[in-house]
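These are the residues of each chain, in order.
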Amino acid sequence: MTSPDDDKAGTPPGAAVGGVVLAVDPESADAPFRQLRQQIVEAVERGRLTPGTRLPAVRALAEQVGVAANTTAKVYRELEASGVLETRGRTGTFVAESDMRSAVLLRAAEEFVEHATASGFTADEAIATVRDVFDRTT
């Protein structure tokens, strides 16, 4: 007799980080990189991963979620570049302080406004588009 857990044998359950479980669904159409990145971003945005929360080392997280270490490293690098995470040398990788995240949002908004105005959109049109995107994704 088999149990429902038998179907999951050999599949890493995920990594518990600050009360959040990060996991990759091999059946998903989204690449593991995108899944992992999105889970971290959403957890930070929703306050489930708070500033100062330490994330596992690259290799440890990779093993726990069942992806290549290069995939995890790429997620960390991209999220560090966008201000969501910060690396403190040998101490590890942490959720960045909120002021840094605000600065990243401001930079993204400035780039968006630059692109929108260069394409001939008004502020009202650009804002309406952003609201539409938020409505669809939240």
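Up top you'll find the structure we're talking about.
## Considerations on the overall build of the protein chain
Part 1 of the reasoning: Summing up its helical and strand segments, the protein chain has five helices and five strands in all.
Part 2 of the reasoning: Mapped from its N terminus to its C terminus, the protein chain presents α and β elements in the order β-β-α-β-α-α-β-β-α-α.
Part 3 of the reasoning: For the protein chain, the proportion of its 138 residues judged to be buried stands at 28%.
Part 4 of the reasoning: Within the protein chain, counting contacts between residues at least 6 apart in sequence, those at least 24 apart form 52% of the total.
Part 5 of the reasoning: When the accessible area of the protein chain is evaluated, it comes to approximately 9500 Å², of which 52% is carbon and sulfur surface.

## What to know about the layout of surface pockets
Part 1 of the reasoning: In this structure, the largest pocket occupies an estimated 980 Å³ of space.
Part 2 of the reasoning: Where the lining of the largest pocket is concerned, the elements lending two or more residues are helix H1 (32-45), helix H4 (98-118) and helix H5 (123-137).
Part 3 of the reasoning: No other element matches H4, which puts eight residues into the lining of the largest pocket.
Part 4 of the reasoning: In terms of residue class, the lining of the largest pocket is made up of twelve nonpolar, seven polar and five charged.

## Describing helix H2 (residues 58-65)
Part 1 of the reasoning: Restricting attention to buried positions, one finds in H2 the residues Leu61, Ala62 and Val65. All buried residues of H2 project into a common sector of 100° when viewed along the axis, lining one side. Seen from the buried face of H2, the exposed residues on the opposite side, beyond 90 degrees, are Arg59 and Glu63.
Part 2 of the reasoning: Turning to H2, the residues buried within the fold contact strand S1 (15-17), strand S2 (20-22), H1 and helix H3 (69-81).
Part 3 of the reasoning: A positive backbone phi angle near 80° is found at Gly66, which sits one or two residues after H2.

Reading the values: rules and limits
Residues numbered from 1 in each chain as written. Predicted model: local features only at pLDDT ≥ 70, side-chain atom pairs only at ≥ 80, totals over all residues. Heavy atoms only, no water. Helix = DSSP H or I, 4+ residues; strand = E, 2+ residues; numbered from the N terminus. Buried < 20%, exposed > 50% of the residue type's maximum accessible area, 1.4 Å probe, protein only. Contact = heavy atoms within 4.5 Å. Areas by Shrake-Rupley, 256 points an atom, 1.4 Å probe, with all protein chains shown as cover. 1 Å grid on protein atoms, 1.4 Å probe; cavity = no way out; pocket = protein on both sides within 12 Å on 5 of 7 lines; lining within 4 Å. Points joined across faces, edges and corners; volume = space filled by probe spheres on them. Nonpolar A, V, L, I, M, F, W, Y, C, P; charged D, E, K, R; others polar. Arc of directions from axis to C-beta.

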